[in-house]
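So the chains spell out like this:
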Amino acid sequence: MNKETFLYPAIHTKNADFNMWLAFPGPYSFAMSSLGFLWMFKSIDELEDVNVERIYSDTKTTVLHKESINLFGFSFSFDTDFLTIFSMLERFDIPLKSSERSEEHPFVFAGGPVVSANPEPYKDFFDFVIIGDGEDVNLKVVEICRCNKGKPRDYVLTELSKLEGVYVPKFGSRTINKLTKKLSECIYTPILSDGAFFKNTFILEVSRGCANRCGFCLASYLNLPLRFMPYEELINVVNLGLGKTNKIALLGAQISAHPHFKDICKYIYDRISKGEKIEMSVSSLRVDAITPDVVKTLVAAGQKNSTLAIEAGSERLRKVINKNVSEEQIFNAVRIARDNGLKGLKFYGMLGLPTETQEDLDEIIKLAEKLKTEFKGFDISFGFSSFVPKPHTPFQWCGREKTKSLEDKSNFIKKELHKLGVSSSVSSIKWDYWQAVLSRGDGSFTDFLIDVYKKGGKIGAFKSAAKLHNINTDYYAYNDFNLEDRLPWDFIELRPGKDFLIKEHNRLLYNN
Ligand code: SF4
């Protein structure tokens, strides 16, 4: 039995007659380290007139009976989450397609980055989808469903479709503005668990979004503008967390850009210096965030290694993707990391980025060699994934490189780094291909995806289901789309918008 510590006054006995399941398409341990999922649960759990229960892929029994569920929400963070979502729906005898659900079934909805970026491949499975930061609209959604319990499905869906950021696929793809929350309250882990993947770790969101706008980066474009949590609020929340646990993690794609990032580190460092045993980690650091103060804090808080995303080995390619980091800055960052007590750094890069040539790959090897020579005894390693075009980014039109060619590149990199005694890993090129297909997929995928699930969800299942349903998956993964094309996700409005993406695409790739 997992021990859970609630950081808010949960109402354990409610007299509510509206029941909701909030589902995480993965095991308990991952769910309990997922900030978005837990925060949404807390917000709904605080409503006196709604019973809400968390469920996971490994949930054995539920407290709320399946017949009594009115609303069933899923967080959808990874492209292949649909497989687990289908199995959870099936387990509770809920039809996969929304058109096959009757008045007796709960409303099934999803939110999260995958469906916010491109809900079209999944449009027939959800009664509605929340696009963007759902913190505020979630409660309105629950309220509408609760107040209209028992009313015809279409009536409730019509009411939901009036909410900003709520997409009801049944009513067609009208323009939906992505929700962007003003960050005035700090989001943190509301329930600590010793069964969480990050055991009893208090995670707090320091910033949301990243202003760097790398050409491939959905995390940046989906979360613009970059927003920071107010400093005083952050410190209050740090105190709340450290009152319950000594493990703390700071979250955010660009936390080091927070105007008070150094102050936050100093606050924690000072507490450690006074004898507190605090373990702190950060999600990732940018090259320019590696300062002596920051590294000292991380080391004092128990961190031995860190990661550094450089994305590409050559300055030329880093410029193309908008990651304007010079080799000098990289070396400087490694020096600071080593001199202030870190034992090693893992560099993250991507293979197959648009315009990549053999010279760019050679530059990775040269960089590794130089780092190895200059920083003897410091643990240097590399991790790679392959480029996957993502909606709403300047590279959304760029087809992905062929699998065979990427596998050759992957073998080359691994072999050459091995010769230097540098360890490296490369994500599965074959799975990255399917990720690209799903990312740029459209409304024709419904039966294909059901079949992938029925055939077991492995790569072979994707292949045979695509064949069976005549889906030309190479088109979605490899094709360069025209800038004039209407793309399946174009009805989702993000700022700064498509015209800006086109300009950025031309600027980065063609220098005009
Ligand atoms: S710096 Fe990182 S998070 Fe920011 S845009 Fe680039 S890849 Fe994305």
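What you are looking at is a predicted structure, and each value in this text was computed from that prediction instead of being measured.

**Details of the overall build of the protein chain**
So, point 1. In terms of regular secondary structure, the protein chain is built from 19 helices and 19 strands.
So, point 2. The C-alpha radius of gyration of the protein chain comes to 23 Å, within 12% of the 24 Å expected for a compact globule of 512 residues.
So, point 3. The principal-axis extent of the C-alpha atoms belonging to the protein chain is close to 70 × 60 × 40 Å.
So, point 4. The buried share of the protein chain, taken over its 512 residues, is 43%.
So, point 5. Long-range pairs, those at least 24 residues apart, make up 75% of the contacts in the protein chain between residues at least 6 apart in sequence.

**A closer look at the pairing of strand S10 (residues 201-205)**
So, point 1. Most of S10 is tucked away, with 5 of its 5 residues classed as buried.
So, point 2. In S10, alternate side chains face the same way, and those of Thr 201, Ile 203 and Glu 205 on one face and Phe 202 and Leu 204 on the other are all buried.
So, point 3. Here S10 runs beside strand S13 (residues 247-251); their pairing, made up of 5 bridges, is parallel. Residue Phe 202 lies in a different strand from S13, and its bridge partner there is Ile 248.

**What about the pairing of strand S14 (residues 279-282)?**
Put simply, side chains in a regular strand alternate between the two faces of the sheet.
So, point 1. Going residue by residue along S14, you find Met 280 and Val 282 tucked away on one face and Glu 279 and Ser 281 left uncovered on the opposite face.
So, point 2. In terms of strand pairing, S13 meets S14 through 4 bridges, oriented parallel. Bridging from a neighbouring strand, Leu 250 pairs with Val 282 of S14.
So, point 3. Once you follow S13 into helix H9 (residues 261-273) and on to S14, the crossover reads as right-handed.

**A closer look at the nonpolar core**
So, point 1. Within the largest apolar cluster, 139 residues are counted, with the highest numbers of intra-cluster contacts made by Met 20, Phe 128 and Val 129.
So, point 2. Among the elements that line this core, the one with the most residues is helix H15 (residues 429-439), at 6 residues.
So, point 3. Apart from the residues lying within four places of it in its own chain, the contact partners of Val 129 are Phe 109, Ala 110, Gly 111, Val 115, Pro 119 and Tyr 167.

**Some thoughts on the site of the ligand**
So, point 1. In the vicinity of the ligand, the contacting residues are Cys 210, Asn 212, Arg 213, Cys 214, Cys 217, Ala 219, Ser 220, Ala 253, Gln 254, Arg 286, Ala 309 and Lys 323.
So, point 2. Among the residues making up the shell around the ligand, the classes are represented as 6 nonpolar, 3 polar and 3 charged.

**Section: the sheet that holds strand S6 (residues 128-130)**
So, point 1. Taken in spatial order, the 6 strands of this open sheet run S3-S2-S4-S5-S6-S7, and their pairing is mixed. The sheet is open, and its two borders are formed by strand S3 (51-55) and strand S7 (166-167), each paired with just one other strand.
So, point 2. Bridge count for strand S2 (residues 19-23) against strand S4 (residues 71-75) is 4 bridges, and the pairing is parallel. By the bridge assignment for S4, Ala 23 is matched with Phe 74.

**Observations concerning helix H3 (residues 81-91)**
So, point 1. Among all positions of H3, only Asp 81, Phe 82, Thr 84, Ile 85, Met 88 and Leu 89 are buried. When H3 is viewed along its axis, its buried side chains cluster within an angular range of 160 degrees and face the same direction.
So, point 2. Contacts made by the buried residues of H3 are with S2, S4, strand S5 (107-111), helix H4 (113-117) and helix H16 (446-454).
So, point 3. Following H3 by one or two positions, Asp 93 adopts a phi angle in the positive range, close to 55 degrees.

**Some thoughts on the packing of helix H14 (residues 403-419) against H15**
The description of two helices packed together rests on the angle between their axes and the distance between the axes.
So, point 1. Here H14 crosses H15 at 140 degrees, and the two axes come no closer than 10 Å. Here H14 lies oblique to H15, going by the angle between them. Seen along the crossing, H14 lies across H15 with a hand that is right-handed. Contact with H14, carried on its side by Thr 403, Leu 406, Glu 407 and Ser 410, involves Ile 429, Lys 430 and Tyr 433 of H15 and no other residues of that element.

**Concerning the environment of Gly 165**
So, point 1. Topologically, Gly 165 is positioned in the loop between helix H6 (153-161) and S7.
So, point 2. For Gly 165, a count of 22 C-beta atoms within 10 Å corresponds to the buried category.
So, point 3. For the pair Gly 165 and Asn 177, spaced 12 residues apart in sequence, the C-alpha separation works out to 5.6 Å.
So, point 4. Once you skip the residues sitting within four places of it in the chain, Gly 165 turns out to touch Ile 130, Ile 131, Gly 132, Val 137, Ile 176, Asn 177, Lys 178 and Leu 179.

**Let's talk about the sheet that holds strand S17 (residues 379-386)**
So, point 1. A sheet is described by the order of its strands in space; here 4 strands give the open sequence S15-S16-S17-S18, paired in parallel fashion. Because the sheet does not close on itself, it has two edges, and the strands there are strand S15 (305-311) and strand S18 (423-426). Sheet twist, expressed as the average angle between the axes of neighbouring strands with direction ignored, equals 20 degrees.

**Description of unusual backbone geometry**
So, point 1. Cis geometry marks the peptide bond from Leu 224 to Pro 225; its omega dihedral reads -5 degrees.
So, point 2. Note on placement: Pro 225 falls in the loop between helix H7 (218-221) and strand S12 (227-228).

**Some remarks on the packing of H9 against helix H10 (residues 292-300)**
So, point 1. Two elements in contact, H9 and H10, have axes separated by 9 Å at closest approach and are oriented at 40 degrees. Viewed along their axes, H9 and H10 adopt a mutual orientation that is oblique. As for the relative orientation of H9 and H10, their crossing is left-handed in sense. Contact residues: H9 offers Lys 262, Cys 265, Lys 266, Ile 268, Tyr 269 and Ile 272, while H10 offers Asp 293, Val 294, Lys 296, Thr 297 and Ala 300.

**Quick word on H16**
So, point 1. Listing the buried residues of H16 in full gives Phe 448, Leu 449 and Val 452. The buried residues of H16 occupy one face: seen down the axis, they fall within an arc of 95 degrees.
So, point 2. Looking at the packing, one finds that the buried side of H16 touches H3 and helix H17 (459-468).

**Things to note about the environment of Lys 346**
So, point 1. Relative to the elements of secondary structure, Lys 346 occurs in strand S16 (residues 344-351).
So, point 2. Take Lys 346: there are 17 C-beta atoms within 10 Å of it, and that puts it in the partly exposed class.
So, point 3. Taking the C-alpha atoms as reference points, Lys 346 and Val 141, separated by 205 residues in sequence, lie 42 Å from one another.
So, point 4. Not counting the four nearest positions on each side in its chain, Lys 346 is found in contact with Asn 305, Thr 307, Ser 381 and Gly 383.

What counts and how
- Residues numbered from 1 in each chain as written.
- Predicted model: local features only at pLDDT ≥ 70, side-chain atom pairs only at ≥ 80, totals over all residues.
- Helix = DSSP H or I, 4+ residues; strand = E, 2+ residues; numbered from the N terminus.
- Rg over C-alpha atoms; globule rule 2.2 N^0.38 Å.
- Buried ≥ 20, exposed ≤ 12 C-beta atoms within 10 Å, placed from the backbone.
- Contact = placed C-beta atoms within 7 Å.
- Pairing = 2+ DSSP bridges.
- Right-handed = clockwise from strand over helix to strand, strands pointing away.
- Core = buried A, V, L, I, M, F, W, Y, C linked by C-beta atoms within 7 Å.
- Near = placed C-beta within 6 Å.
- Nonpolar A, V, L, I, M, F, W, Y, C, P; charged D, E, K, R; others polar.
- Arc of directions from axis to C-beta.
- Axes fitted to C-alpha atoms, helices over the stretch in contact; angles between N-to-C directions.
- Parallel < 35°, antiparallel > 145°, perpendicular 65-115°, else oblique.
- Left-handed = near helix turned anticlockwise from the far one by under 90°.

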